[in-house]
Amino acid sequence: MQKLNDLSRSLTPLKPDRTLIAVIEMSLSSWLVAGIVPGIERQPLKKLEVDESTLLKLLIRWREEAKKSGHSIERIAVAFEAGRDGFWLARWLRARDIEAHIIHASSVAVSREHRRAKTDRLDTELLKRAFLGWLRGERDHCRMVAIPTIKDEDAKRPNRERESLVGEQSRIVNRMKAALVRLGIRGFNPKLKKAVERLDGLRTPEGEPIPPNTLAELRRDMARRRLVNDQIRQIEDTRLERLEQAPSDGPHAMVRLLARVIGVGIETADMLVQEVLSRNMRDRRAIARYAGLTGSPDESGRKRREKGLARSGNARVRRGMIQLAWRFLMFQKDSTLAQRFRARTENARSTRKTMIVALARKLLIGLWRLVREGVVPDGVVLRPVS
């Protein structure tokens with residue numbers, strides 16, 4: 001079982017003479033693999049095609065070279081930055097008894113020179129230094145990313161797909177409205193069921209019908225919007241079916257519990273559970289930091305200022321929680337959190353935007369305690385169990 005604090009430093013003692021260390025600088029066309037092989041003075045650097053089998057053969061070859069030099073390898077540790085390739089390679093390597101880690105890219109310290117040299121070879125040197133410090137158990141060299149299972153990754157797809165489809169639906173509607181406004185036609189709602197039938201009856205201020213090319217474009221956009229809307233409905237219906245079929249499943253039980261909070265819908269509950277609340281977080285500070293709801297102070301000498309939100313966490317959770325915080329003020333007016341917000345902003349309306357972030361952070365921590373410990377935030381009203 002993964003320990004709670006094993007992402008900031010390694011808890012396994014490092015034996016340099018019996019550990020083969022490798023880092024990978026990954027791109028779409030090639031992988032650059034740099035290694036530290038016990039018993040070999042040179043530090044090998046090999047460029048490979050994007051092929052996991054070739055990588056495995058390279059690691060085995062380096063292990064044999066270390067064995068010939070009198071060093072028996074007990075541990076092979078591989079690391080690379082989180083990127084477009086995701087987590088499949090780490091899972092593939094771990095299935096073959098190779099210790100694989102994924103480095104959070106923003107946690108690696110880089111030179112602050114205005115124009116610093118940057119090549120794949122220099123990047124591998126940075127990764128090696130950061131990875132070595134992490135393996136030695138020293139803090140703040142770099143941080144690792146928790147590697148999810150395929151099931152965990154797949155569980156996030158419906159919510160993220162729906163978010164993308166909703167954005168696409170809004171873009172289609174805005175494009176249709178803009179096309180009509182260019183002709184001087186206002187007040188037409190392209191989202192109505194009979195919008196397609198009403199297109200032929202629309203007239204410009206000059207009394208002319210919609211030009212044929214624009215009319216054909218609008219019809220295609222309306223057909224595309226209906227398709228997107230149907231796909232959104234399919235995602236929502238499938239989610240409800242899964243919740244009904246396995247209501248006691250771990251994440252499903254969390255979703256059902258969150259959805260009992262008045263003001264929290266199934267969509268918001270599912271997003272929070274899949275993105276943050278089902279993760280194995282250390283404490284409330286880790287929860288707030290992961291959501292990007294913590295501050296970023298700038299202090300030097302006498303200078304003391306706050307630069308705003310760190311925004312280094314999950315953007316979906318941050319946006320969702322700020323929206324939920326405004327909704328929470330409407331549906332949970334008698335809760336302690338809402339009363340504190342009103343008391344702090346009653347005579348200082350300009351602080352509402354700042355305080356809503358604080359409310360979102362405290363609300364997220366409260367919901368985390370609700371699904372983990374069953375502690376209901378003070379004054380929060382729940383729907384009856386259905």
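Structure: above.
Now for a description of the structure that goes with this document. (Residues numbered from 1 in each chain as written. Predicted model: local features only at pLDDT ≥ 70, side-chain atom pairs only at ≥ 80, totals over all residues. Heavy atoms only, no water.)

Quick look at the overall build of the protein
Scanning the protein from N- to C-terminus turns up 12 helices and seven strands. For a compact globule of 386 residues, the expected C-alpha radius of gyration is about 21 Å, and the protein comes in at 27 Å, more than 25% above that figure. Taken over the C-alpha atoms alone, the protein extends approximately 90 × 55 × 55 Å along its principal axes. The burial tally for the protein puts 39% of its 386 residues in the buried class. The contacts in the protein between residues at least 6 apart in sequence include a share of 60% that link residues at least 24 apart. Split by element, the accessible area of the protein, about 23000 Å² in all, is 48% carbon and sulfur. Counting 79 positive and 49 negative side-chain charges, the protein places the averaged centre of each group 5 Å from the other. (Helix = DSSP H or I, 4+ residues; strand = E, 2+ residues; numbered from the N terminus. Rg over C-alpha atoms; globule rule 2.2 N^0.38 Å. Buried < 20%, exposed > 50% of the residue type's maximum accessible area, 1.4 Å probe, protein only. Contact = heavy atoms within 4.5 Å. Areas by Shrake-Rupley, 256 points an atom, 1.4 Å probe, with all protein chains shown as cover. Lys, Arg positive; Asp, Glu negative; His and termini not counted. Charge placed at Lys NZ, Arg CZ, Asp CG, Glu CD.)

Structural notes on the sheet that holds strand 3 (residues 45-49)
In any sheet, the strands associate via hydrogen bonds between backbone groups, in a parallel or an antiparallel arrangement. What the five strands build is an open sheet, ordered 3-2-1-4-5; its pairing is mixed. The sheet terminates laterally at strand 3 and strand 5 (99-103), the two strands that pair on one side only. Each strand of the sheet is rotated relative to its neighbour by a mean of 25°, with strand direction disregarded. Examined bridge by bridge, strand 4 (residues 75-81) and strand 5 share five bridges and lie parallel to one another. What sits directly across from A77, in strand 5, is E99. Packing of helix 1 (residues 52-68) onto the sheet brings it into contact with strand 1 (19-26), strand 2 (30-36), strand 3 and strand 4, and relative to strand 2 it is tilted by some 15°. Contacts from helix 3 (residues 120-135) reach strand 1, strand 2, strand 3, strand 4 and strand 5, with the element oriented near 140° to strand 1. (Pairing = 2+ DSSP bridges. Axes fitted to C-alpha atoms, helices over the stretch in contact; angles between N-to-C directions.)

Examining the side chain of D270
Inspection of the secondary structure puts D270 in helix 8 (residues 266-277). Contacts of D270, omitting those with residues within four sequence positions, involve N159, R239 and V255.

Focus: helix 6 (residues 212-245)
For helix 6, which comprises 34 residues, the first-to-last C-alpha distance of 50 Å matches the rise-based estimate of 50 Å (1.5 Å per residue) to within 8%. All buried positions along helix 6 are accounted for by T214, L215, L218, D221, M222, R225, V228, I232, I235, R239 and L243. Taken together, the buried residues of helix 6 touch helix 4 (150-182), helix 5 (195-198), helix 7 (250-259) and helix 8. (Expected span 1.5 Å × (residues − 1).)

Observations concerning the packing of aromatic side chains
Throughout the structure, instances matching the rule amount to three aromatic pairs. When the centroid spacing of 6.2 Å and the interplanar angle of 20° are considered together, the rings of F131 and W134 count as stacked. Here the residue F131 and the residue W134 both occupy positions in helix 3, the gap between them amounting to three residues, near one helical turn. Exposure remark for F131: the relative accessible area of 0% places this residue in the buried category. Seen from their ring centres, W326 and F341 are 6.3 Å apart, and the 80° between their planes marks the pair as edge-to-face. With a gap of 15 residues between them, W326 in helix 10 (residues 315-331) and F341 in helix 11 (residues 336-345) connect regions that are remote in the sequence. The class of W326 is partly exposed, set by a relative accessible area of 33%. (Phe/Tyr/Trp six-rings, centres within 6.5 Å; stacked < 30°, edge-to-face > 60°.)

Remarks on the environment of E52
Along the chain, E52 falls in helix 1. A residue is classified by how much of its surface remains accessible, and E52, at 23% relative accessible area, is partly exposed. Distance in space between the C-alpha atoms of E52 and L93 is 8.5 Å, their sequence separation being 41 residues. Setting aside anything within four residues of it in sequence, one finds E52 in contact with W31, W88, L89 and W92.

Looking at the pattern of salt bridges
Applying the stated criterion to the full structure yields 25 salt bridges. The partner of R319 in a salt bridge is E163, and the shortest N-O contact between them spans 2.6 Å. Within this pair, whereas R319 is found in helix 10, its partner E163 is found in helix 4, the two being separated by 156 residues in sequence. According to the relative accessible area criterion, R319 is partly exposed, its value standing at 42%. Of the charged contacts in the structure, one is a salt bridge between K303 and D298, with a shortest N-O distance of 3.4 Å. What you see here is one network of salt bridges that share partners, running through R162, E236, R239, E267 and D270. (Salt bridge = Lys/Arg side-chain N within 4 Å of Asp/Glu carboxyl O.)

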